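The residues making up each chain are set out below.
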Amino acid sequence: MSISFDGRVAIVTGAGGGLGRQYALELARRGAKVVVNDLGGSRDGTGHSDAALKVVEEIEAAGGEAMSNGGNVAEYEQMADMVAQAKARWGGVHVLINNAGVLRDKSFTKMEPADFEFVVRVHLIGSAFATKACWDLMREQNYGRILMTASSTGLFGNFGQANYGAAKMGLAGLTKTLYIEGAKNNIRVNTLAPTAGTRMTEDLFPAEAFKLFGPEKVVPAALFLVSEDAPTNQIVASGAGVTGACYVTLTPGKLLSGDDLSPEGVAANWDAITDRTGEIVPKTGAEQGMMAAKALQGG
């Protein structure tokens, strides 16, 4: 099976370098017309550059079609304008990869509220804004493929990244509602947790590991997740060529009543509450209530 993006229009945010650049280049190589979005700032979100233009030049030199966009994902009107430009030039938007991000790492005790707010605004609010700007158009087309970029920090935690982790876990949650709301209009939404050696992570990897975790090795998973036959509501981890799936699960739990329906009862039954035997991967939040109702009925 060959995966093609012929006739598709794709937007990649934060595509001036690193993962985003690799996504944009491969999408174009496989036939997509690509909007290369990048504000062009440093990794803490300050400054500007012409990074997006350089990627467009690479795509065009290879025979592809692309346009640059310097819009800030954290400003909704700029995202709406970006989508309008893509539609005016190419007739629609079929793929959105939310990749733009920044880092302001500090331990929580040293982190200023502004640093927490800014990182959440770029990653989580920025992805929501870019997605919202595409949403109605994708519904009208009855076709959309959206990828959120989470992180192992969001899924599992990492010292010094409370702001980043909160934003990234929020993106996994955003996916889980949007896949439900988009299903009837053939909009599939997934989450990718990449591990890659990029400008964002260059001081976190030893030199040899940095090479092993090249961003090009994440591209296959990302492009599959925005392809025509993509799954939906998946959380996929990918790095160094290793791709795996992550799940939010729910144990059957323990019905507590009488004296056990107390903090002491929860403590006494903790082993049963956390027993993973028979756990499920809920497809909607309603399944938590359904599981409780089943327990009440003796099921």
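Only a predicted model underlies this, so the values are computations on that prediction, with no experimental measurement involved.

Participant: Describe the overall build of the chain, naming the residues involved and giving the relevant values.
Facilitator: On a plain count of helices and strands, the chain comes out with 11 helices and 8 strands. The C-alpha radius of gyration computed for the chain amounts to 21 Å, which stays within 12% of the reference 19 Å derived for 299 residues, consistent with globular compactness. Expressed along its principal axes, the backbone C-alpha trace of the chain runs to roughly 70 × 45 × 35 Å. The buried share of the chain, taken over its 299 residues, is 45%. Across the chain, contacts joining residues at least 24 apart in sequence account for 69% of those joining residues at least 6 apart.

Participant: Report on the layout of surface pockets, specifying residues and quantitative values.
Facilitator: Roughly 410 Å³ of volume is contained in the second largest pocket. If you go around the second largest pocket, you meet 17 residues; those closest to its centre are Thr251, Pro252, Met291, Ala292 and Ala295. Counting residues per element, the lining of the second largest pocket draws most heavily on helix 11 (residues 286-296), which supplies 7 residues. Its residues assigned to classes, the lining of the second largest pocket shows 9 nonpolar, 5 polar and 3 charged.

Participant: Please provide a residue-by-residue account of the packing of helix 3 (residues 76-90) against helix 4 (residues 113-141), values included.
Facilitator: When two helices pack together, you describe them by how their axes are tilted relative to each other and by the distance separating the axes. The geometry of helix 3 relative to helix 4 is characterised by a closest axis approach of 7 Å and an angle of 35° between their N-to-C directions. Read as a crossing pair, helix 3 and helix 4 show a hand that is right-handed. Here helix 3 contributes Tyr76, Met79, Ala80, Val83 and Lys87 to the contact with helix 4, which in turn contributes Phe129, Ala130, Lys132, Ala133, Cys134, Leu137 and Glu140. A class-by-class count of the residues in the contact of helix 3 with helix 4 yields 9 nonpolar, no polar and 3 charged.

Participant: Give me the lowdown on the pairing of strand 6 (residues 187-194), citing residues and values where you can.
Facilitator: Summarising burial for strand 6: 7 of the 8 residues are buried, a large majority. Looking at chain direction, strand 5 (residues 144-149) and strand 6 are connected through 6 bridges and run parallel. By the bridge assignment for strand 6, Gly144 is matched with Ile187. For strand 6 and strand 7 (residues 235-239), the ladder comprises 4 bridges, and the chain directions are parallel. Each residue of the ladder has a partner; that of Pro194, found in strand 7, is Ser238.

Participant: A description of the nonpolar core should follow, citing residues and the corresponding values.
Facilitator: The biggest cluster of nonpolar side chains holds 31 residues, and the ones touching the most others in it are Ile11, Val93 and Ile146. Elements supplying a minimum of two residues to this core: strand 1 (9-12), helix 3, helix 4, strand 5, helix 6 (162-182) and strand 6. Take this core: its biggest share by element is 8 residues, from helix 4. Leaving out residues up to four positions away in the same chain, Val93 has contacts with Val9, Ile11, Val83, Ala86, Cys134, Leu137, Met138 and Gln141. Core analysis: the next-biggest nonpolar cluster, separate from the first, contains 30 residues, Ala24, Ile97, Leu192 and Leu223 among them.

Participant: Explain the pattern of salt bridges residue by residue, including any values.
Facilitator: Opposite charge on two side chains permits pairing when their charged atoms draw close. Across all of its chains, the model carries 8 salt bridges by this definition. As a salt-bridge pair, Glu58 and Arg21 come within 2.8 Å of each other at their nearest N and O atoms. Remark: Arg21 occurs in helix 1 (residues 18-29) and Glu58 occurs in helix 2 (residues 51-61); sequence separation between them is 37 residues. Its relative accessible area of 33% is what places Glu58 among the partly exposed residues. Its salt-bridge partner being Asp115, residue Lys106 comes within 3.6 Å of it at the nearest N-O pair.

Cut-off values and rules
Residues numbered from 1 in each chain as written. Predicted model: local features only at pLDDT ≥ 70, side-chain atom pairs only at ≥ 80, totals over all residues. Heavy atoms only, no water. Helix = DSSP H or I, 4+ residues; strand = E, 2+ residues; numbered from the N terminus. Rg over C-alpha atoms; globule rule 2.2 N^0.38 Å. Buried < 20%, exposed > 50% of the residue type's maximum accessible area, 1.4 Å probe, protein only. Contact = heavy atoms within 4.5 Å. 1 Å grid on protein atoms, 1.4 Å probe; cavity = no way out; pocket = protein on both sides within 12 Å on 5 of 7 lines; lining within 4 Å. Points joined across faces, edges and corners; volume = space filled by probe spheres on them. Nonpolar A, V, L, I, M, F, W, Y, C, P; charged D, E, K, R; others polar. Axes fitted to C-alpha atoms, helices over the stretch in contact; angles between N-to-C directions. Left-handed = near helix turned anticlockwise from the far one by under 90°. Pairing = 2+ DSSP bridges. Core = buried A, V, L, I, M, F, W, Y, C linked by side-chain atoms within 4.5 Å. Salt bridge = Lys/Arg side-chain N within 4 Å of Asp/Glu carboxyl O.

Scope: geometric values only; no functional claims are made or implied.
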